[in-house]
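Geometric and topological summary
In case you want the letters, here they are:
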Amino acid sequence: MWRKAALGGVIAGASAALSACAATGRAPKPDATRVPIYLGAEPVGLGDDLYGFAIRMRSPREAADIDAYVTCMVAGYALQKDAGFARKVRTNVKEEGGVWIADAVYSISPELPKGMQTIDAEVTVDDCKEQGIPTA
């Protein structure tokens, strides 16, 4: 029984680490010596409460760096729109010439949305600042 639970944890962890890289089929090779270079985001309104984001970075240490940057940029944008929350719809990541590009879609709203992948924008922006990750 414990093997089944342990395997589930391993699968969940691996799935989370690679989810940001679904479009490429590969993730950045882990390298703790790299320093991420944040290249900005281009938000686009898609209608209603949906927004698309093209977020670019170089030198992620691992796939989690890309996810963190996306989350931080979305949270910052939500606050700029006077909305306190966001919910992830999807994220696709690809790498072109050393630049990692996350194509993400989020709903942004003043109330906590339904769903599991929600962001409290104010709390997230504070956390991002502590980690040195840009939010705008």
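Per-chain numbering applies: the sequence of each chain, read as written, is numbered from 1 onward. Local features in a predicted model are, by the rule used here, given only for residues with pLDDT of at least 70; side-chain atom pairs are given and counted only at 80 or more, and totals for whole chains, interfaces and linings are based on all residues. Values shown for side chains rest on all heavy atoms present in the structure; no hydrogens or waters enter the calculation.

Thoughts on the state of the cysteines
As a reminder of what qualifies: The disulfide definition used here is simple: a pair of cysteine sulfur atoms within 2.5 Å. Only DSSP runs of H or I reaching four residues or more are called helices, and only runs of E reaching two or more are called strands; each is numbered from the N terminus. We call a residue buried when its accessible area falls under 20% of the maximum for its residue type, exposed when it is over 50%, and partly exposed in between, using a 1.4 Å probe and counting protein chains only.
Overall, the coordinates contain one disulfide when judged by the stated rule. With a sulfur-sulfur separation of 1.9 Å, Cys 72 is cross-linked through a disulfide to Cys 128. Between Cys 72 and Cys 128 the sulfur-sulfur dihedral comes to about -90 degrees; the bridge is accordingly left-handed. On the criterion of sequence distance, the pair formed by Cys 72 in helix H2 (residues 63-80) and Cys 128 in helix H3 (residues 121-131) is long-range, its members being 56 residues apart. The pair formed by Cys 72 and Cys 128 is uniform in burial state, with each residue classed as buried.

A closer look at the environment of Lys 88
So the rule is basically this: In this description, contact between two residues means that some pair of their heavy atoms is separated by no more than 4.5 Å.
With respect to the secondary-structure elements, Lys 88 resides in strand S3 (residues 85-96). Separated by 17 residues in sequence, Lys 88 and Val 105 have C-alpha atoms that sit 6.5 Å apart. Among residues more than four places away in sequence, those in contact with Lys 88 are Val 105, Tyr 106 and Gln 117.

A few points about the sheet that holds strand S1 (residues 37-47)
Whether parallel or antiparallel, the strands of a sheet pair through hydrogen bonds between backbone atoms. Put simply, the rule is: The pairing criterion for strands is at least two bridges between them, as found by DSSP. All axes here are fitted lines through C-alpha atoms, helices being fitted over the stretch that makes contact, and every angle between N-to-C directions spans 0 to 180 degrees.
Pairing is antiparallel in the open sheet, where five strands are placed in the order S1-S2-S4-S3-S5. On the outer flanks of this sheet lie S1 and strand S5 (118-120), each paired with one strand and no other. When strand polarity is set aside, the average angle formed by the axes of neighbouring strands in this sheet is 30 degrees. In the sheet, S3 pairs with strand S4 (residues 99-109) via eleven bridges, with the strands oriented antiparallel. Bridging from a neighbouring strand, Val 93 pairs with Ala 102 of S4. The strands touched by H2 are S1, strand S2 (50-58), S3, S4 and S5; relative to S2, the strand with the most contacts, the crossing angle is about 135 degrees. Contacts from H3 reach S3 and S5, with the element oriented near 75 degrees to S5.

A few points about the pattern of salt bridges
Stated precisely, the cut-off is as follows: Counted as salt bridges are all cases of a side-chain nitrogen of Lys or Arg within 4 Å of a carboxyl oxygen of Asp or Glu.
Under the counting rule described, the total for this entry stands at four salt bridges. Two residues, Arg 61 and Asp 65, come together in a salt bridge whose shortest N-O distance is 3.1 Å. Relative accessible area serves as the criterion here: at 32%, Arg 61 is assigned to the partly exposed category. Among the ionic pairs, Lys 94 bridges to Glu 96, the shortest N-O distance being 3.0 Å.

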